[in-house]
Amino acid sequence: MERTRRFRGAFMRNRHLGVRRMLSWVSLFFFFAAMAAVITHRKECQYPALSPVSKAPPCRTLSTGNSVVSGYAPKQLLWRSMRRRSPSRLPGLKAVENQQSSSTDIIWTSEGSRFRVLDEDDMESVGKPTPSDFYELLNIGENANKTQLKKAYRAIFRQCHPDIVGSEANDVCELVNIAYDILSDEEQRSIYDSELEQYKKMEGEAFDGRPKSEWGPNANVTENRAVFVDELSCIGCRMCSGVAPETFGIEETWGRARVKTQWGNTEENIADAIDSCPVDCIYWVQRKQLPLLEYIMGVCNRINVAAMMNGRVSPDNPFQRAETFLKSRKNSKIDASFNRDTLRIHNDKLQSAIANAWLQLPDDIREGLWPQYNKFQEDEKDGTEGNRGGGASSEGNTQEPDVEILT
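Residues numbered from 1 in each chain as written. Predicted model: local features only at pLDDT ≥ 70, side-chain atom pairs only at ≥ 80, totals over all residues. Heavy atoms only, no water.

**Q** Before we move on, can you summarise the pairing of strand β7 (residues 225-229) with the specific residues and values?
**A** With respect to burial, β7 is a largely interior element, 5 of its 5 residues being buried. Both faces of β7 are covered, namely the face carrying Arg225, Val227 and Val229 and the face carrying Ala226 and Phe228. Sheet analysis places β7 next to strand β11 (residues 282-286), joined by 5 bridges and oriented antiparallel. Bridge pairing in β11 places Arg225 opposite Gln286. (Buried < 20%, exposed > 50% of the residue type's maximum accessible area, 1.4 Å probe, protein only. Helix = DSSP H or I, 4+ residues; strand = E, 2+ residues; numbered from the N terminus. Pairing = 2+ DSSP bridges.)

**Q** Tell me about the pattern of salt bridges, and name the residues and values.
**A** Under the counting rule described, the total for this entry stands at 11 salt bridges. For Glu231, the salt bridge is made with Arg302, and the minimal N-O distance between the two is 2.7 Å. Taken together, the positions of Glu231 in the loop between β7 and α8 (239-243) and Arg302 in the loop between α10 (290-299) and α11 (305-309) put the pair 71 residues apart, joining distant regions of the chain. With a shortest N-O distance of 2.7 Å, Arg321 and Asp316 are connected by a salt bridge. Since its relative accessible area comes to 23%, Arg321 is described here as partly exposed. If you follow the salt bridges from partner to partner, you end up with Asp122, Lys327 and Lys330 in one network. (Salt bridge = Lys/Arg side-chain N within 4 Å of Asp/Glu carboxyl O.)

**Q** Tell me about helix α4 (residues 146-160), residues and numbers included.
**A** At 3.6 residues per turn, the α-helix brings residues three or four places apart onto the same side. Counted at 1.5 Å a residue, the expected span for α4 with its 15 residues is 21 Å, and the 21 Å between its end C-alpha atoms agrees. Buried within α4 are the following residues: Leu149, Ala152, Tyr153, Ile156, Phe157 and Cys160. Looking down the long axis of α4, one finds its buried residues gathered within 130° of arc, a one-sided arrangement. Opposite the packed face of α4, turned more than 90 degrees from it, sit the exposed residues Thr147, Lys151 and Arg158. Its buried side turned inward, α4 meets α3 (134-138), α5 (162-165), α6 (170-183) and α14 (363-369). One side-chain oxygen at the N-terminal end of α4 lies 3.2 Å from the backbone nitrogen of Thr147; it belongs to Asn145. (Expected span 1.5 Å × (residues − 1). Arc of directions from axis to C-beta. Contact = heavy atoms within 4.5 Å. Polar contact = N/O pair within 3.5 Å; in protein donor to acceptor, adjacent residues only side chain to side chain.)

**Q** Provide a residue-level description of the layout of surface pockets, including the pertinent values.
**A** Sizing a probe to match a water molecule and rolling it over the atoms shows the empty space that remains. By volume, the second largest pocket is sized at about 480 Å³. What lines the second largest pocket is a set of 21 residues, among which Lys212, Glu231, Arg258, Glu294 and Gly298 lie closest to the centre. Element by element, the count of residues in the lining of the second largest pocket is highest for α10, at 5 residues. A breakdown of the residues in the lining of the second largest pocket according to their chemical character gives 8 nonpolar, 4 polar and 9 charged. (1 Å grid on protein atoms, 1.4 Å probe; cavity = no way out; pocket = protein on both sides within 12 Å on 5 of 7 lines; lining within 4 Å. Points joined across faces, edges and corners; volume = space filled by probe spheres on them. Nonpolar A, V, L, I, M, F, W, Y, C, P; charged D, E, K, R; others polar.)

**Q** Outline a nonpolar patch on the surface, listing residues and values.
**A** A surface patch of nonpolar side chains, amounting to about 600 Å² of accessible area, comprises Trp25, Leu28, Phe31, Phe32 and Met35. Mapped onto the elements, Trp25 comes out in helix α1 (residues 2-46). (Patch = residues over 30% accessible without salt bridge, like charges linked within 9 Å, V, L, I, M, F, W, Y side chains within 5 Å. Areas by Shrake-Rupley, 256 points an atom, 1.4 Å probe, with all protein chains shown as cover.)

**Q** Lay out the pairing of strand β8 (residues 248-251) in plain terms, naming residues and giving numbers.
**A** Taking every second residue as pointing to the same face, both faces of β8 are buried, with Phe248 and Ile250 on one and Gly249 and Glu251 on the other. In the sheet, β8 pairs with strand β9 (residues 257-259) via 3 bridges, with the strands oriented antiparallel. Within β9, the position partnered with Ile250 by the bridge is Ala257. Linkage of β8 to β9, two consecutive antiparallel strands, is achieved through a turn of 5 residues, within which Gly255 is found at a positive phi near 70°.

**Q** Describe the packing of aromatic side chains, naming the residues involved and giving the relevant values.
**A** As enumerated under the stated definition, the model contains 14 aromatic pairs in all. For the pair Phe29 and Phe30, a centre-to-centre distance of 5.5 Å together with 75° between the ring planes defines the contact as edge-to-face. The class for Phe29 is exposed, based on a relative accessible area of 55%. With a relative accessible area of 54%, Phe30 lands in the exposed category. Here Tyr283 and Phe319 contribute two aromatic rings whose centre-to-centre distance is 5.5 Å and whose plane-to-plane angle is 85°, an arrangement assigned as edge-to-face. (Phe/Tyr/Trp six-rings, centres within 6.5 Å; stacked < 30°, edge-to-face > 60°.)

**Q** Tell me about the nonpolar core, and please be specific about residues and values.
**A** As a rule of thumb, nonpolar side chains are buried together in soluble globular proteins. Ranked by size, the top nonpolar core spans 78 residues in total, and within it Phe134, Cys160, Val172, Phe248, Ile282 and Leu292 carry the most contacts. In terms of residue count, the dominant contributor to this core is α6 (9 residues). With sequence-adjacent residues up to four places away left out, Phe248 is seen in contact with Val227, Val229, Cys240, Ser241, Arg258, Val259, Lys260, Ala273 and Ile282. (Core = buried A, V, L, I, M, F, W, Y, C linked by side-chain atoms within 4.5 Å.)

**Q** Summarise unusual backbone geometry; cite the residues concerned and give the values.
**A** Negative phi is the rule for most residues except glycine; trans is the rule for most peptide bonds. With phi around 70°, Arg238 is a residue other than glycine that occupies positive phi space. A positive phi angle is found at Trp263, which is not glycine, with a value near 60°. By the secondary structure assignment, Trp263 is in the loop between β10 (261-262) and α9 (267-276).

Here it is in structure tokens:
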């Protein structure tokens, strides 16, 4: 009995010891597995592997000369500190769309520049300043009397009648007729004026084709790039305005970064400012697309930074809203829903229809009757807008810059 009892006790002690040893080995296994996972994660953060574009959100490729970057994310998708700091110049910038592309996505080039571009076909066809209401369509002021109204109406039809221009003038002439009927009737004009005033209070002034930022002194004559800040994603850290103070400022209403002068600093300083952004809200864009993006940025709905920090997502995206603006202009047509009763109410649909009809006219007719809408394009071609403003270069300035608050 005594021997049996001793044997059983020894067996139980050995079994408990075996269990403890097994648990120790399991613990060591999970410890080393966790350490390996941490090391692998850190390596991936610093040196991420190339991944097919198909796994990322659909994006457009960028054609720069003879090379087209597509299929795989380039090396510049490395951690921010590993990116190339100085983006090279890209003459003849041209976007090439994939089958599954969405033109509002980020574009990376092999040289390290980060672009976001809108649909170039839509920009070319409808991304221009146009008349936005009946007064601008008739090319008169809002205080014009009936004599001035009739004179403007006849002047348009003398050059813009479908019998002279062709079918391209059908839609615009129909809108001109409706505009004349509404504005020549005092009661209907009063209703339209009230609706137009309310619309402008809500949406602001119409797109005039001019950028909000000035063109600075550090750009080449042939420079086709500009810098744009997605203010809806900005958290107001002021890093960019500290690195490139002549280019970036802080708008006072929401405390977000904004470009005040394109190329106010050297290219190296601007690239450093872009890399310093902790939320990656600064992009290179095409110069010809900058006016529309800055206009759309001004009409986007915003939330404060505190709400963003609490996880609330901004209701707008300037790139997607710009695309929507272009698509609306492109697809708006005169149909049965447009009549003298509904057109007394000024809204986005009417504004897009006016733009679409006006852009169908031949260039010479538009330039002859509405020369003010072609002036900005001429200034851009002549390069006269290139030196509208801009501060001095900050190169060689060792003094700590102050952050400018934009009003």
